[in-house]
Amino acid sequence: MTTLNTEPDAPVPVGIEANKVRGGPPRSEVLRKDKWWIQPLAIFTGLFAFIVYATWAALRNGHFYAGNVGRDYLSPFYSPCLTNSCTNNGYAWSDWSWWRLSPAIPILIFPLSFRLSCYYYRKSYYRSFWLSPPSCAVPDAGSTKAGGPRSKYSGETKFPLILQNIHRYTWYFAVIFAGILTFDAIAAFRFPNGIGMGLGTLIFVVNACLIWAYTLGCHSCRHLCGGGLRKFSASPSRHFVWKNFVSKLNEHHQLFAWLSLFWIAFADFYTWLVSTGAIHDPRFF
Amino acid sequence: MSDTPTQTSTGDTNSQKKVTLKIWRGDAGGGQFVDYTLDYLDGEVVLDVVHRVQSEQAPDLGVRWNCKAGKCGSCSSEINGKPSLMCMTRMSTLDIEKPITVSPMRTFPIIKDLVTDVSFNFEVAKKIPALRPKPREKDGTYRMAQIDIARGQEFRKCIECFLCQNVCHVIRDHEDNKAHFAGPRFLMRIAELEMHPLDTLDRRHYAFDVMGVGYCNITKCCTEVCPEHIHITDNAIIPLKERVVDARFDPVAWLGRTIMRKPKPMSSEEVAKVTPAARQNQT
Ligand code: SF4
Ligand code: SF4
Ligand code: FES
Ligand code: FES
């Protein structure tokens, strides 16, 4: 621990002046010898691929529901179902027939804002898209150019990045969406002639599980469920949830962020394949 | 310099493995990397080799160390560009086919060679208001349950090597931020106090206004380099950020406080009055 030397004749510490010469190797020189660029490159590629896929999926505005082939599978990009195109099985949340654009657009605002302000995704895009820093002990992009546009850095203290602080509000909506996707997973057991299960059903059940694992491992959730307390001993049940449940999921938040992201795209793609008739959804029972 | 035994003259084929350290030599006025080639000995850590350079080739080499056990936090440097403790980096983990660079921590001014002036950190420490405990219990003691202090105990493993402070891009790449950013080690200290069951101060506004928690963009390099494997970002900085949200960005939390007539979060000015730095100025 830091102890403060209060002896009157203690040596006076060397003061730190801003911009004092630090010496050492030139700042622009990266001394790391390992392949430090692989991780940001891989994350960039992964996120970019998802953005491309999601754009296609959201603008497709068709074949997002497999009711036409007797399956109650609804793509997570289009859930809750806002059009009457998925009412074959008597399943519609509301009538949004006046909406002319893809129904995925008003829906995706919620998961998008949730993931954009997620602490893990922030880390990944600050590193791989904004290069701030690209990797540890590698200079922030532009920081070595004195007076350049990126020589100053204000982090999340100013608009727009200060808005990241409302992450918990996006989480509240994310819980609602996790509920909706759970409903979809249950609905996927409905077949025209009663209860059944197809490969798609399994995909939607896994989808709902991954979404919950991601949503409940959120840092804001960890704070709200008990992490914000000073004294756990006064709230044993919140401590229990914090310690044995949310913190456990939180340790794997990065993993679930990727798995759930991949799986959402996969569930959408599968629905598209089944609905267009490109493949036949095998039925287990 | 002593003569190294010549293996070649006897025709011995068992040639001694060599290793080259590229050590930064210089001071605030400038410097350069200097190559030192030595025998490679099994079982050594980088600090051992640096010490051999010092005793065999460069007696004026500046290097700070104390425990050689990863516990004093003195031997922080950058090995092949990675912020590391010299005494905890085994030579066997490095590629000795290529020269190994050993350079001083980049974020702090150099005094000489590998020795940097880390007093920035001590100045920041003085700006953190210490624990202000509740009154003692009737029998004159303080009691804390283990579950209430377990979180803080993780942070207490800190050996103050300042590798996290060194790697943090907020100050490493932006010198001007030293004026308003405390760095991960000290944000963690504030988080510890904010989680302390006996503490009565509220440093949340202060953490944002004065210690600059908002500058951290949670890119986790501090966590990556910490030799004590403390989860600095996940367990200290993010929880601190969430506490700051309670105090200043969450309208529902504000409404809740107002309706329940809970005390307002303490202002930064109020907290600034009780820091060791403020008290030092009074005397
Ligand atoms: S997580 Fe924050 S404090 Fe830690 S190194 Fe990154 S920016 Fe600095
Ligand atoms: S938190 Fe870890 S890296 Fe930072 S000073 Fe302490 S021991 Fe070193
Ligand atoms: S921190 Fe990732 S979802 Fe909240
Ligand atoms: S010499 Fe003490 S930590 Fe390395």
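Residues numbered from 1 in each chain as written. Chains lettered and ligands numbered in written order. Predicted model: local features only at pLDDT ≥ 70, side-chain atom pairs only at ≥ 80, totals over all residues. Heavy atoms only, no water.

## Some details on the overall build of chain B
Threshold: Counting from the N terminus, the helices are DSSP H or I runs at least four residues long and the strands are E runs at least two residues long. Type-normalised accessible area, obtained with a 1.4 Å probe on protein chains alone, sets the label of each residue: buried when under 20%, exposed when over 50%, and partly exposed for intermediate values. Areas reported here follow the Shrake-Rupley algorithm with a probe of radius 1.4 Å; residue values treat only the protein chains shown as occluding.
When helices and strands are counted, chain B shows 12 helices and 7 strands. Once the C-alpha set of chain B is aligned to its principal axes, its extents read approximately 90 × 40 × 40 Å. Counting every position in chain B, which comprises 283 residues, the buried fraction comes to 57%. Surface summary for chain B: the accessible area is close to 12600 Å², and the carbon and sulfur share equals 54%.

## Brief notes about the domain arrangement of chain B
Residue and element names in this part refer to chain B. Going by this rule: Where each domain starts and ends comes from a domain assignment, either automatic or drawn from a database. Throughout, a residue-residue contact means that at least one pair of heavy atoms, one from each residue, lies within 4.5 Å. Simply put, the buried area is the total loss of 1.4 Å probe accessible area from both parts when two parts are fitted together. Any Lys or Arg side-chain nitrogen found within 4 Å of a carboxyl oxygen on Asp or Glu counts as a salt bridge.
Under the domain assignment used here, chain B contains domain 1 (12-116) and domain 2 (119-282). The gap between the C-alpha centroids of domain 1 and domain 2 is 34 Å. On the domain 2 side, the residues contacting the 14 residues of domain 1 number 16 residues. Summing both sides of the interface, domain 1 and domain 2 together bury roughly 1100 Å²; the carbon and sulfur share of this comes to 57%. When the buried surface of domain 1 facing domain 2 is broken down by residue, Pro83, Thr107 and Phe108 rank first, second and third, together holding 48% of it. Remark: the boundary between domain 1 and domain 2 carries 2 salt bridges. A salt bridge links lysine 71 to glutamate 228; the nearest nitrogen and oxygen atoms lie 2.6 Å apart.

## Considering the sheet that holds strand S2 (residues 30-39) of chain B
Residues and elements named next belong to chain B. Threshold: Think of it this way: DSSP has to see at least two bridges between two strands before they count as a pair. Note on definitions: angles span 0 to 180 degrees between N-to-C directions of axes, and those axes are lines fitted to C-alpha atoms, for helices only across the stretch in contact.
The mixed open sheet is built from 5 strands, whose spatial order is S2-S1-S5-S3-S4. The sheet is open, and its two edges are formed by S2 and strand S4 (82-85), each paired on a single side. Here the average twist between neighbouring strands, direction ignored, is 30°. Relative to S4, strand S3 (residues 76-79) is paired through 4 bridges, and the arrangement is antiparallel. If you follow serine 76 over to S4, its bridge partner there is leucine 85. Relative to the sheet, helix H1 (residues 46-56) contacts strand S1 (18-27), S2, S3 and strand S5 (100-103), its axis offset from that of S2 by approximately 95°.

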